[in-house]
Amino acid sequence: MKRQALIIDCDPGVDDAVGLMLAFGSPELELLAITAVGGNVPVEKTARNARMLRQIAGREDVPVFRGADRPLRREPAGAGEFHGAEGLGDLTPFEPDVPCADGHAADAIVERVMARPEGAVALAVMGPLTNLALALRREPGLAERLGPVAVMGGARSEGGNITASAEFNIWADPEAAAEVLASGCDAVLFGLDATHQVRATEARIAALEAIGTARADVAAAMMRFSQRIERRIVGWDAPPVHDPCPVAWLLKPELFELAACHIRVETESELTRGHTAVEFREAVAGGLPHRWATSADADGVFALITATMA
């Protein structure tokens, strides 16, 4: 079996935790590194959370690197109200046995991508794009060397989840997102238009709870926390599970429909900061270098998560 080499850049985060557990349990993926960025909670917590999840999954073979503690130009802004003060819902934090690997996350991305053939290493980004933007600044040849860059981020027809028009990961560091999308890398965005279709219903959570493995227990606990928070804040019974979508696409691309497009990010207006302008008309855009997820097979995504956790 040919394995997909993968780096996961994340800010765990309850749905990041589900995405990590999916990746940790998938033999089809060769996990080269987990890189942590400040986002949902500060980077000292996201780096610890990534290591906690790695230890629970028994995957200490995968190094975790600490990355950017703040956006390129903005003040840090978290989303603890949706993820809990420590980032992982009701999971009690602990100090993992294995520390972070030496070096900055941006350097780890550059070193691992440039050491492999062109297109060999994919990147799944589940948080703000600061680490990747810094890596692209440090190595000009990185964009064309990278394989697909599968990003959970953006919003179009669904509207935003942090403002009326912006999704949190892009809003948190819009300058980084703009730089990544302008770099020429093969960017595939899984925005709210697709991830709002992937919802943790009661039946789907119960199916995970019935498995009884450590990975399944963590994934189910994250979804239970989100279910409680989304009911209180938004009024939804079935919370969307955003961050596993890039990993699920890398494992089973047939679960998503993609459309070629050109994406630009608003960086000047505070009213529409982080808005993703997604243009599907080539004559208007002057080229369609990106891909946008327009729909998701939610049953298929949860079947994949459930089977992997078991």
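Here is a short report on the structure shown in this document. Fair warning: this is a prediction, and the values are worked out from it, not measured in the lab. Here the residue numbering is sequential within each chain, running from 1 through the sequence in written order. The predicted origin of the model limits local features to residues at a pLDDT of at least 70 and limits the giving and counting of side-chain atom pairs to 80 or more, whereas totals for whole chains, interfaces and linings rest on all residues. Hydrogens and waters are ignored; side-chain quantities use all the structure's heavy atoms.

Some remarks on the overall build of the chain
Scanning the chain from N- to C-terminus turns up 14 helices and 9 strands. Summarising its shape, the C-alpha atoms of the chain cover approximately 50 × 40 × 40 Å along the three principal directions. Looking at the 310 residues of the chain, the share that counts as buried comes to 58%. We call two residues contacting when some pair of their heavy atoms lies within 4.5 Å. Counted over contacts in the chain with a minimum sequence separation of 6, partners at least 24 positions apart contribute 81%. Looking at the chain as shown, the accessible area adds up to about 11,900 Å², and 49% of this sits on carbon and sulfur atoms. We treat Lys and Arg as the positive residues and Asp and Glu as the negative residues; His and chain ends play no part in the count. To locate a charge, take NZ of a lysine, CZ of an arginine, CG of an aspartate or CD of a glutamate. A gap of 1 Å separates the mean positions of the 29 positive and 44 negative side-chain charges of the chain. Here a strand is any run of E in DSSP of at least two residues, a helix any run of H or I of at least four, and the numbering for each starts at the N terminus. Think of it in three bands: residues with accessible area under 20% of the maximum for their type are buried, residues over 50% are exposed, and the middle band is partly exposed, with areas taken using a 1.4 Å probe on protein chains only. Under the convention used here, a 1.4 Å probe and the Shrake-Rupley method define accessible areas, while residue burial counts only the protein chains that appear.

As for the packing of aromatic side chains
Each aromatic ring pair is specified by the distance between its two centres and by the angle formed by the two planes. Stacked, tilted and edge-to-face are the three classes applied to pairs of Phe, Tyr and Trp rings, where Trp contributes its six-membered ring and a pair requires centres within 6.5 Å; stacked means planes under 30 degrees apart, edge-to-face means over 60, and tilted covers the rest. In this structure the tally under the stated criterion is 3 aromatic pairs. Ring centres of F168 and W171 lie 6.1 Å apart, and the angle between their planes is 35 degrees; on these two criteria the pair is classed as tilted. One end of the pair, F168, and the other, W171, are both in helix α7 (residues 168-172), 3 residues apart, so they sit about a helical turn from each other. Under the relative-accessibility criterion, W171 is labelled buried at 15%. When the centroid spacing of 5.7 Å and the interplanar angle of 50 degrees are considered together, the rings of F190 and W249 count as tilted. Residue F190 is located in strand β6 (residues 187-190), and its partner W249 is located in helix α12 (residues 244-251); the two are separated by 59 residues in the primary sequence. Like F190, the residue W249 is buried in the burial classification. Taken together, the ring pairs in this structure connect F190, W249 and F256 into an aromatic cluster.

Here we look at the sheet that holds strand β1 (residues 4-10)
Any two strands with at least two DSSP bridges between them are considered paired. Across the sheet, 9 strands lie side by side as β3-β2-β1-β4-β5-β6-β9-β7-β8; this open sheet has mixed pairing. At either end of the open sheet lies a strand with only one pairing partner, and these are β3 (64-66) and β8 (276-279). The sheet shows a mean angle of 30 degrees between the axes of neighbouring strands, direction not considered. Helix-sheet contacts for helix α4 (residues 105-114) involve β1, β2 (29-36), β3 and β4 (121-125), and the interaxial angle to β2 is about 155 degrees. Contacts between α12 and the sheet are confined to β1, β2, β4, β5 (149-152), β6, β7 (256-265) and β9 (290-296), with β4 contributing the most and set at about 150 degrees to the helix. For helices, the fitted line uses only the C-alpha atoms of the stretch in contact; every axis is such a line through C-alpha atoms, and the angle between N-to-C directions lies from 0 to 180 degrees.

Focus: the side chain of T308
When you line up the elements, T308 lands in helix α14 (residues 298-309). For T308, a relative accessible area of 13% corresponds to the buried category. In this structure T308 touches L22, G25, S26 and R215, once residues within four positions along its chain are discounted.

Notes on the nonpolar core
The biggest cluster of nonpolar side chains holds 56 residues, and the ones touching the most others in it are I8, F24, I34, V247 and F256. In plain words, nonpolar cores are sets of buried Ala, Val, Leu, Ile, Met, Phe, Trp, Tyr and Cys residues tied together by side-chain atoms within 4.5 Å. Formed by 40 residues, the second largest nonpolar core is a distinct cluster that contains L32, V113, A133 and V278.

Focus on the pattern of salt bridges
The term salt bridge refers to a pairing of a side-chain nitrogen on Lys or Arg with a carboxyl oxygen on Asp or Glu at a separation within 4 Å. In this structure the tally under the stated criterion is 19 salt bridges. Among the salt bridges present, the one from D61 reaches R59, with a minimum N-O distance of 2.9 Å. A residue is classified by how much of its surface remains accessible, and D61, at 52% relative accessible area, is exposed. Among the salt bridges present, the one from D90 reaches R228, with a minimum N-O distance of 3.1 Å.

Observations concerning helix α11 (residues 214-233)
Structural remark: α-helix, 3.6 residues per turn; residues separated by three or four positions point the same way. Between its first and last C-alpha atoms α11 spans 29 Å; for 20 residues at 1.5 Å apiece the expected length is 28 Å, and the two agree. Of the surrounding secondary structure, the elements contacted by the buried residues of α11 are α1 (14-24), α2 (43-57), α3 (80-83), α10 (202-209) and α14. Count one or two residues on from α11 and you reach G235, which has phi positive near 95 degrees. Between the first and last residue of a helix there are one fewer steps than residues, each counted as 1.5 Å, and that sum is the expected span.

Some thoughts on unusual backbone geometry
Phi is mostly negative for residues that are not glycine, and the peptide bonds are mostly trans. Between P12 and G13 the backbone carries a cis peptide bond, its omega angle lying at -15 degrees. Its location among the elements puts G13 in the loop between β1 and α1.

Examining the environment of W292
Here W292 is to be found in strand β9. A residue is classified by how much of its surface remains accessible, and W292, at 1% relative accessible area, is buried. Along the primary structure W292 and R224 are separated by 68 residues, whereas in three dimensions their C-alpha atoms are 29 Å apart.

Brief notes about α2
Its 15 residues give α2 an end-to-end C-alpha distance of 21 Å, which sits within 8% of 21 Å, the value for a rise of 1.5 Å per residue. Counted residue by residue, α2 has 11 buried out of 15 residues, so it is predominantly covered. Listing the buried residues of α2 in full gives V43, T46, A47, R48, N49, A50, R51, M52, L53, R54 and A57. Those residues of α2 that are buried lie in contact with α1, β2, β3 and α11. Directly after α2, the chain includes G58, whose backbone phi takes a positive value near 70 degrees.

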